[in-house]
Amino acid sequence: MTQNPIIVALDVESADEARALVARLGSQVNFYKVGMELYAAAGMEFVRELIAQRKDVFLDLKFYDIPETVRRAVAQVARTGVRFLTIHAVASAMRAAVEGRGSSALKLLGVTVLTSFGPEDMEDLNFQGTVSELVERRARKAMELGMDGIVTSPQEVSAVRRIAGPKAILVTPGIRSAGIDKGDQKRVATPADAMAAGADYLVIGRQITRAADPAAEAGRVLAEICVAG
Ligand code: C5P
């Protein structure tokens, strides 16, 4: 492992709360995920603040709109220095995103099938196969269209790695060390298991953000990965 694979999910409701967490984590964590909640509260202003502090930002906004809108919105994000951005892995949206990113350094990650989806949602999509089949089909399409990686559950990471190839950036949420409360996550994997299955980055929220000492907890996760690696 040549770099720190932890991305901490800043699932908080204000810039102040996020700032406090980032300060407590200090140099232990350098990569942060800003999702819809914090984005709705603090917007690009806070994202720019993180980047100005030399933090890497994963903007998890799961873009999905008409191609022109996706293309133009991605071009805006590409200008800011954000490192990762999520796009729903639907062909028209992905094509537009790849165009919008142009020659910038922004990496585009496809969201194949939301993990909250079950068989009834497949029916709603009019898709005849299983959730895993749709994940695999969309992962293949994402790579064909020039996306850089995929957000995948720890259960699917090895199958997605086989499809997406060694260069794809695979980012895995749903991570819990042994003995840590799972919260609302049903299917979790330990940091070491997710890395062994082929993940490049681990998105970790509550295990670190709700720990009494978040920096120490991040350190424990890193030690777990290094020992296992
Ligand atoms: O607190 P926890 O570690 O469960 O947070 C995981 C983060 O990853 C949250 O920001 C959540 O929205 C996100 N996520 C997830 N499962 C997915 C996709 C994203 O938990 N399938």
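Our structure is the block above this text.
A short tour of the structure in this document, coming up. Everything numeric in this text was worked out from a predicted model, so none of it was measured.

**Overview of a negative patch on the surface**
Negative charge collects at one region of the surface, where Asp11, Glu13, Glu17 and Glu37 lie side by side. When you line up the elements, Asp11 lands in the loop between strand 1 (6–9) and helix 1 (15–25).

**Some words on the side chain of His88**
Positionally, His88 belongs in strand 4 (residues 84–88). Exposure remark for His88: the relative accessible area of 19% places this residue in the buried category.

**Regarding the packing of aromatic side chains**
Aromatic ring pairs are defined here through the distance separating the ring centres and the angle between the ring planes. Enumeration over the complete set of coordinates arrives at four aromatic pairs. Between the aromatic rings of Phe58 and Phe84, the centroid separation amounts to 6.1 Å while the plane-to-plane angle is 70°, which identifies the pairing as edge-to-face. Taken together, the residues span a long stretch of sequence, with Phe58 in strand 3 (residues 56–63) and Phe84 in strand 4 at a distance of 26 residues. What makes Phe58 buried here is its relative accessible area of 2%. Among the residues examined, Phe84 registers a relative accessible area of 0% and is labelled buried. Clustering of aromatic rings is evident, with ring pairs tying together Phe31, Phe58, Phe84 and Tyr201.

**Quick word on the pattern of salt bridges**
Two side chains bearing opposite charge may form a pair once their charged atoms approach each other closely. Counting across every chain of the model gives twelve salt bridges. Here Glu68 makes a salt bridge to Arg71, at a shortest N to O gap of 2.9 Å. Here Arg71 and Glu68 lie together in helix 3 (residues 67–80), a separation of three residues that amounts to about one turn. Relative accessible area serves as the criterion here: at 38%, Glu68 is assigned to the partly exposed category. The closest approach of N and O atoms between Glu68 and Arg72, which form a salt bridge, is 3.7 Å. Taken together, the residues span about one helical turn, with Glu68 and Arg72 both in helix 3 at a distance of four residues. Taken together, the shared-partner salt bridges connect Glu68, Arg71, Arg72 and Glu99 into one network.

**Some details on the nonpolar core**
The biggest cluster of nonpolar side chains holds 62 residues, and the ones touching the most others in it are Ile6, Leu10, Leu59, Val74, Leu85 and Ile87. Sorting elements by how many residues they give to this core places helix 2 (residues 36–52) first, with six residues. When near neighbours in sequence (up to four residues on either side) are disregarded, Leu10 contacts Ala18, Leu21, Val22, Tyr32, Lys33, Leu38, Phe46 and Leu50.

**Points about the environment of Ala142**
For Ala142, the position within the fold is in helix 6 (residues 131–144). A relative accessible area of 0% places Ala142 in the buried class. Separated by 47 residues in the primary sequence, Ala142 and Arg95 have C-alpha atoms spaced 8.9 Å apart. Ignoring sequence-local partners within four residues, the contact set of Ala142 consists of Met94, Met147 and Ile150.

**Looking at the site of the ligand**
Around the ligand, the neighbouring residues are Ala9, Asp11, Lys33, Thr115, Pro173, Arg176, Gln185, Val203, Ile204, Gly205 and Arg206. Here Asp11 contributes a side-chain N or O atom positioned 2.7 Å from an oxygen atom of the ligand. In this structure, an oxygen atom belonging to the ligand sits 3.0 Å away from a side-chain N or O atom of Arg176. About the coverage of the ligand: the protein hides 79% of its 460 Å² of free accessible area. The residue inventory of the shell around the ligand, partitioned by class, reads four nonpolar, three polar and four charged.

**What about the side chain of Lys55?**
By secondary structure assignment, the location of Lys55 is in the loop between helix 2 and strand 3. Notably, Lys55 is buried but unbridged: the nearest opposite-charge side chain belongs to Asp56, and the N-O separation is 9.1 Å. From its side chain, Lys55 meets the backbone oxygen of Gly26 in a polar contact 3.3 Å long. The residues contacting Lys55, other than those within four sequence positions of it, are Val22, Gly26, Val29, Asn30, Tyr32 and Leu50.

The rules behind each value
- Residues numbered from 1 in each chain as written.
- Predicted model: local features only at pLDDT ≥ 70, side-chain atom pairs only at ≥ 80, totals over all residues.
- Heavy atoms only, no water.
- Patch = residues over 30% accessible without salt bridge, like charges linked within 9 Å, V, L, I, M, F, W, Y side chains within 5 Å.
- Areas by Shrake-Rupley, 256 points an atom, 1.4 Å probe, with all protein chains shown as cover.
- Salt bridge = Lys/Arg side-chain N within 4 Å of Asp/Glu carboxyl O.
- Lys, Arg positive; Asp, Glu negative; His and termini not counted.
- Charge placed at Lys NZ, Arg CZ, Asp CG, Glu CD.
- Helix = DSSP H or I, 4+ residues; strand = E, 2+ residues; numbered from the N terminus.
- Buried < 20%, exposed > 50% of the residue type's maximum accessible area, 1.4 Å probe, protein only.
- Phe/Tyr/Trp six-rings, centres within 6.5 Å; stacked < 30°, edge-to-face > 60°.
- Core = buried A, V, L, I, M, F, W, Y, C linked by side-chain atoms within 4.5 Å.
- Contact = heavy atoms within 4.5 Å.
- Near = heavy atom within 4 Å.
- Polar contact = N/O pair within 3.5 Å; in protein donor to acceptor, adjacent residues only side chain to side chain.
- Nonpolar A, V, L, I, M, F, W, Y, C, P; charged D, E, K, R; others polar.

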